[in-house]
Amino acid sequence: QVQLVESGGGLVQPGGSLRLSCAASGLNFNIYAGGWYRQAPGNQRELVATVTSGGTTDYSDSVKGRFTVSRDNAKNTVYLQMDNLKPEDTAVYSCNVQRRTVFGLVYNYWGQGTQVTVSS
């Protein structure tokens, strides 16, 4: 079975840093793109960062320059390094992996989410 397990969330002060990890199992991780989403109370789920199977990254404007997404295929893990955290970064962060077949079928898998709270 496919399983994604996030870790690394917690409570930090504004300006602090956290590193989220998403460990995947039960799939051929190397061919999946990885992404991080977040959702705060009262808000829609927001795509934060993505990394393709080839290593290309992309970020939402709100986190660009502060967050870094990366992957370690040997460890089947996607990371999100979050620096200079702001209170508005407070949310549940969820990992997603996705692949597309040559026929256009899309496979998506989600982790359970990890809470990030930025507060003084």
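See above for the structure.
Residues numbered from 1 in each chain as written. Predicted model: local features only at pLDDT ≥ 70, side-chain atom pairs only at ≥ 80, totals over all residues. Heavy atoms only, no water.

### Observations regarding the packing of aromatic side chains
Applicable threshold: Classification of ring pairs rests on two measures: the distance between centres of Phe, Tyr or Trp rings, Trp counted by its six-membered ring, which must be within 6.5 Å, and the angle between planes, read as stacked under 30 degrees, edge-to-face over 60 and tilted in between. Only DSSP runs of H or I reaching four residues or more are called helices, and only runs of E reaching two or more are called strands; each is numbered from the N terminus.
Inspection of the entire model under this criterion finds two aromatic pairs. Summarising the aromatic geometry, the rings of tyrosine 32 and tyrosine 109 are spaced 6.2 Å apart at their centres and angled 55° between planes, so their arrangement reads as tilted. Remark: tyrosine 109 occurs in strand E10 (residues 106–110) and tyrosine 32 occurs in the loop between strand E3 (18–25) and strand E4 (33–39); sequence separation between them is 77 residues. Ring plane angle 55° and centroid distance 4.8 Å describe the contact between tyrosine 37 and tryptophan 110, whose orientation is recorded as tilted. Of this pair, tyrosine 37 sits in strand E4 while tryptophan 110 sits in strand E10, and the two are 73 residues apart along the sequence.

### Things to note about the pairing of strand E7 (residues 67–72)
Stated formally: Relative accessibility thresholds used throughout: buried, under 20% of the residue-type maximum; exposed, over 50%; partly exposed, between the two (1.4 Å probe, protein chains only). Between any two strands, pairing holds if DSSP finds at least two bridges.
Residues Phe67, Val69 and Arg71 of E7 are buried on one face, while the alternating residues Thr68, Ser70 and Asp72, pointing to the opposite face, are not. Bridging between E7 and strand E8 (residues 77–82) involves six bridges; their strand directions are antiparallel. Along E8, the bridge assignment pairs aspartate 72 with threonine 77. Taken together, E7 and the strand that follows it, E8, pair antiparallel across an intervening segment of four residues, in which asparagine 76 is found at a positive phi of about 50°.

### Remarks on the nonpolar core
The nonpolar side chains of a soluble globular protein tend to be buried with one another. What counts is decided by this rule: For our purposes a nonpolar core is just a set of buried Ala, Val, Leu, Ile, Met, Phe, Trp, Tyr and Cys residues, chained together by side-chain atoms within 4.5 Å. Only heavy atoms enter the contact rule, under which two residues are in contact if any of them lie within 4.5 Å.
In this structure, Trp36, Phe67, Val69, Leu80, Met82 and Tyr93 are the most contacted members of the largest nonpolar core, which totals 27 residues. Residue assignment for this core shows that the elements contributing at least two residues are E3, strand E5 (46–51), E7, E8, strand E9 (91–100) and strand E11 (114–118). When sequence neighbours within four positions are dropped, the list of residues in contact with valine 69 reads Trp36, Ala49, Thr50, Val51, Thr57, Tyr59, Val78, Tyr79 and Leu80.

### Quick notes on the state of the cysteines
The criterion, for reference: A pair of sulfur atoms, both from cysteines and within 2.5 Å, is called a disulfide here.
Following the criterion strictly, the structure yields one disulfide and no others. Between the sulfur atoms of cysteine 22 and its disulfide partner cysteine 95 the distance amounts to 2.1 Å. Between cysteine 22 and cysteine 95, the S-S torsion sits near -85°, and that sign places the bridge as left-handed. Note that cysteine 22 is positioned in strand E3 and cysteine 95 in strand E9, a separation of 73 residues in sequence. We classify cysteine 22 as buried; its relative accessible area is 1%.

### Re the sheet that holds E7
To be explicit about the condition: Between N-to-C directions, angles span 0 to 180 degrees; the directions come from axes that are lines fitted to C-alpha atoms, helices contributing only their stretch in contact.
Strand order in this open sheet of four strands is E1-E3-E8-E7, and the pairing throughout is antiparallel. Each having just a single partner strand, strand E1 (3–7) and E7 make up the two edges of the open sheet. Taking the axes of each pair of neighbouring strands and ignoring which way they run, one obtains an average angle of 15° across the sheet. For E1 and E3, the ladder comprises five bridges, and the chain directions are antiparallel. If you follow leucine 4 over to E3, its bridge partner there is alanine 24.

The values reported here are purely geometric and, on their own, carry no functional implication.
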